[in-house]
Amino acid sequence: LGLDIEDLEEMEEDAGLGNGGLGRLAACFLDSMATLGLAAYGYGLRYEYGIFSQRIKHGEQVEEPDDWLRFGNPWEKARPEYTLPVSFYGRVEQSDKGSKWVDTQTVFAIPYDNPIPGFRNNIVNTMRLWSAKSPNSFNLRFFNDGDYIQAVLDRNYAENISRVLYPNDNFFEGKELRLKQEYFMVAATLQDIIRRFKSSKFGCRDPVRTSFDTFPDKVAIQLNDTHPALAIPELMRILVDIEGVTWDKAWEITKKTCAYTNHTVLPEALERWPVTMLEYLLPRHLQIMYEINQRFLEEVSKKWPGDVDRLRRMSIVEEYGEKRINMAHLAIIGAHAVNGVAAIHSEILKKDLFRDFYEMTPEKFQNKTNGITPRRWLLLCNPSLADAIAERIGDSWVTHLEELQKLKKFVNDASFIRTIHKIKQENKLKLAAYLTKETGININPASMFDIQVKRIHEYKRQLLNCLHIITLYNRIKKNPNAPFVPRTIMIGGKAAPGYHTAKQIIKLVCSIGNVVNNDPVVGEKLKVVFLENYRVTLAEKIIPAADLSEQISTAGTEASGTGNMKFMLNGSLTIGTLDGANIEMKDEMGAENIFIFGMTVDEVEDLKRKGYNAWDYYNALPELKQAVDQISGGYFSPNNPDCFKDLTNILLNHDRFFLFADYEAYIKSQERVSDMFTNTEEWTKMAIMNIASSGKFSSDRTIAEYAREIWGVEPSWEKLPAPHEARE
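About the criteria used
- Residues numbered from 1 in each chain as written.
- Predicted model: local features only at pLDDT ≥ 70, side-chain atom pairs only at ≥ 80, totals over all residues.
- Heavy atoms only, no water.
- Helix = DSSP H or I, 4+ residues; strand = E, 2+ residues; numbered from the N terminus.
- Contact = heavy atoms within 4.5 Å.
- Core = buried A, V, L, I, M, F, W, Y, C linked by side-chain atoms within 4.5 Å.
- Buried < 20%, exposed > 50% of the residue type's maximum accessible area, 1.4 Å probe, protein only.
- Domains from an automatic or database assignment.
- UniProt positions renumbered as here; feature names shortened; annotations may be inferred.
- Patch = residues over 30% accessible without salt bridge, like charges linked within 9 Å, V, L, I, M, F, W, Y side chains within 5 Å.
- Areas by Shrake-Rupley, 256 points an atom, 1.4 Å probe, with all protein chains shown as cover.
- Salt bridge = Lys/Arg side-chain N within 4 Å of Asp/Glu carboxyl O.
- Pairing = 2+ DSSP bridges.
- Axes fitted to C-alpha atoms, helices over the stretch in contact; angles between N-to-C directions.
- Parallel < 35°, antiparallel > 145°, perpendicular 65-115°, else oblique.
- Nonpolar A, V, L, I, M, F, W, Y, C, P; charged D, E, K, R; others polar.
- Disulfide = S-S within 2.5 Å.

Student: Tell me about the side chain of N168, and name the residues and values.
Tutor: Looking at the element boundaries, N168 is found in the loop between α5 (155-159) and α6 (176-198). Other than its neighbours up to four places away in sequence, N168 contacts N19, E173, R455 and A496.

Okay, structure coming up:
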C-alpha cells in the first residue's frame, strides 16, 4: 500500500478508557491473562469520549474532548445480537412470591468485542465493552402531546450513560450519571456471565444449566476497586428474585464468586453513595444492601456483644450526616478474598483502613503486588534494549521476566555496560529531538533526564519536585561558576478538571520553566519541561529515555504505583520514598541501587500524632524559605504576584502530605544522585542491576498469583496450534 508502519502506528488513537494507573493496570492484566492461557474476559464501558486531551495554553491546562472513535475503531466488532436490557428507577412490589422490581425504565447495552491476543501462543481473549442505546419505546409521551421530535431527541438521555469517562483519579464525585454508569456496566456484565454459564455449548444461547450450585466453580468475578461493587447486590437480586434461589444459598454463591481489590487508601477516593440517590435509581438494590448489612451486623454482634461502636464502624450504612452506603464495606463483606496491591499497602489495609474487618475474617486478606506487561513496557517500547538483553540471555524473559536475573552476571562486563549506556543515549537523543520539535525548547541530551510522569495530585508531591528545581536554580544563580551536573527535569500528567490545586501545580511548573529556560546565567545547566498530554503512547517514548524516575509520594499514600516499575525495567534509577512498590523494588535490587529518602509510614504516623507544623521547617531551612518566598512573592509570576498564594498557603498551613518534613532529605538525596551521575560506569551498573531485578514486577507474576490464590485456576504457558495447523 506504500504505507510506513511507523506512520500508521503514530496515527492510531489511544483508547483512553481509564484514569491514571488503574485503567492501565487493567490493560496489563488483560495482556497477561491471555499470555497465561486463562479463559478470562475484561468488561468495561465503551465511552464515546475517553480521558480528555490536555493542551497547555499560557501555562494552564485546557481540556479538549477525546473523540477517539471519530474515524471508527478497526479493532472492535459490534455484537448487536447479544444486546441486553438494563433497568433503572421504578419501585419494588412485595408479594408472597417475594420482591419484584417493577415500573422501571430500560436502556439497552450493546456489546463491542475487542481481541486481546496472548503473546505468540495463538490464544485470543475478549474485552467486551458496553455501549448504551435507547429502546425504541423510550418515551411515549409524544403520543399524548404530539411532540415526536422532542421524544426522539430525548433518546440522548439514555445514551448519555456511555458518553464520557469521569476524569477523576483518586477522588470520588457522587454524581448520579456516574452511579448509572457503574450499575449499567455491572448489570449487563452479570447477565452476560449468567447466559454463558447456563449455555452448555460455545455460542449456544439455549439455557441448559438450571442449578447455580456450580456457579462459583465456573465463574470468578474480580472487582477492580469498588466501582463495580454493585455486582454484589445485583447478583443477589438475580439469584433471589429471578432464579428463585434462597437467600442463604444465593449469599454463599455470591461470596464464593466475588473477590475485591482495593487500590487506594485516600479517604476522598472511597465511594460513599447517598442513600437518597440509590433509593430513587436502584430501589431493590438498596433493600438488598440493607438486608446484607443487617445479617452481617448480627454476626458482628455475636462475636463482639455490646460493642456498639464496632457495629457503627463496620456498617455498610453510614448514619452520620447524610445517610450513605460505604461501597468498600459492601465489597469486603460480599467477597471471599480482599487484596491490596503492594505489601505495605496490604498491611495498611489490615492495620488501619479495614482493621475491624481483618479482625473478623483475617483469612480473607491477601496481597497481590501489581505488575506491568514486559511486552508493551520493554519489548515494544524499547526494542534496542530488548535486543541487547536477548543477545546475552535469549528471549524467554518476554514471558518469564524473572529470567532477567541472568543479566546480573554481566554487571561488570565492560562491553555490556557500554551497550546499555549507548542504548540509553540513543533513546535520549530520540526523545530530545521529539521534544524540541513539540516544545521548541533546546534539550541537552548529555544532561540527566529527571522525569516525573503521573496524574497531578497533592499526594504525589509534584510540588516537592518544584521546590528542588527552584533550589537548584537558586544555587546556580548564587554561584554560576560552581561545577554543576546538568539536568533536564520533565514533569507530565493530567489534572482532574475540577481539581483547582492540581491545575495550579501545572501552572507553577510552566511558570518555573519560563523563568529557568530563559535565564542566560543558567544556560544548558538546567531545563524544565512540562510534558503535555501525558498518555500511554507518550509514556512509550519517555520511559526508555529516562535517567532518573521520581516516585516521591508521602509514605503510606501511593498504594503501589506502576510507573515506578516501568522506569526500573528500562534501566532508569529511582529516587523515591518508602511507599507502595518502591519498598519491594529496593528489596529486589538492593538499597545500594536506588535512592531512598524521607519518612517511613511509621514516622509519618508519629508526625501526625505529634502535630505537623510546616513553619518550623520553613524557619529552619534557608533554601526552603527562599524557594517558598519566591513562589508566594511572584518571582515566577511577575505579571500576577499573588498567582500562587493558594499553593504556598496550603504548604504552610494545611499540607496533609508533609512536603517540608521531607524537603531536606530529598535535596540531600538529589545531591547523591548528581554525584553518582558523574560516574557513568557506576551509574550504568546500577541501571543494569535495576533491569536484572525487575522480574518480580511482571503482571504475569501478579496474574499467576490471582489465578492460583483467588480464582482457583492454574496458568498455562502452552502454545495452542495455529488456525492453519492440525490439532492433536
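Right, picking up where we left off after that structure.
Student: Explain the nonpolar core to me, and be specific about the residues and the numbers.
Tutor: By size, the foremost hydrophobic cluster in this structure holds 153 residues, and its most contacted members are F88, F184 and F660. With 11 residues, the single largest contributor to this core is α6. When residues of this core are assigned to domains, at least three map to each of domain 1 (5-371) and domain 2 (383-697). With residues near it in sequence (within four places) discarded, F88 still touches W101, T104, Q105, V107, I161, K180, Y183, F184, L281 and L282. Counting residues in hydrophobic clusters, the runner-up holds 53 residues, among them I389, L538, I543 and F567.

Student: Can you break down the UniProt feature "modified residue: N6-(pyridoxal phosphate)lysine" (unreviewed entry) in the protein chain residue by residue, with the values?
Tutor: Feature annotation in UniProt places "modified residue: N6-(pyridoxal phosphate)lysine" (unreviewed entry) on K566, given in this structure's numbering. Mapped onto the secondary structure, K566 falls in helix α22 (residues 563-569). Once residues within four sequence positions are removed from consideration, K566 is found in contact with R24, I372, W377 and I543.

Student: If you had to explain a nonpolar patch on the surface to someone new, which residues and values would you point to?
Tutor: Side chains of L1, L3, I5, L8 and M11 sit close together on the surface and give an oily, nonpolar patch of about 640 Å² of accessible area. Along the polypeptide, L1 turns up in the segment before α1 (5-11). Residue classification places L1 among the exposed residues on the basis of a relative accessible area of 99%.

Student: Provide a residue-level description of the sheet that holds strand β12 (residues 272-274), including the pertinent values.
Tutor: Ordered by their spatial adjacency, three strands build an open sheet running β12-β14-β13, and the pairing between neighbours is antiparallel. Taken across any chain shown, the strands that pair with only one partner, and hence form the sheet edges, are β12 and β13 (317-318).

Student: So, the packing of helix α9 (residues 247-257) against helix α11 (residues 283-303): which residues are in play, and what are the values?
Tutor: Running from amino to carboxyl end, α9 crosses α11 at an angle of 90 degrees, the nearest separation of the two axes being 13 Å. Classified by the angle between their axes, α9 and α11 sit roughly perpendicular to one another. When α9 is examined against α11, the residues W247, D248 and W251 are found in contact with a partner set consisting of I288, E291, I292 and R295. Among the residues forming the contact of α9 with α11, the class breakdown is four nonpolar, no polar and three charged.

Student: Please provide a residue-by-residue account of the state of the cysteines, values included.
Tutor: A disulfide bridge is the covalent bond that connects two cysteines by way of their sulfur atoms. Applying the stated criterion across every chain yields a total of zero disulfides. Summary of cysteine pairing: C466 is not part of a disulfide, and the nearest cysteine sulfur, belonging to C510, is at 9.6 Å. Residue C466 is classed as buried on the basis of its relative accessible area, which comes to 1%. Judged by its relative accessible area of 15%, C510 is buried.

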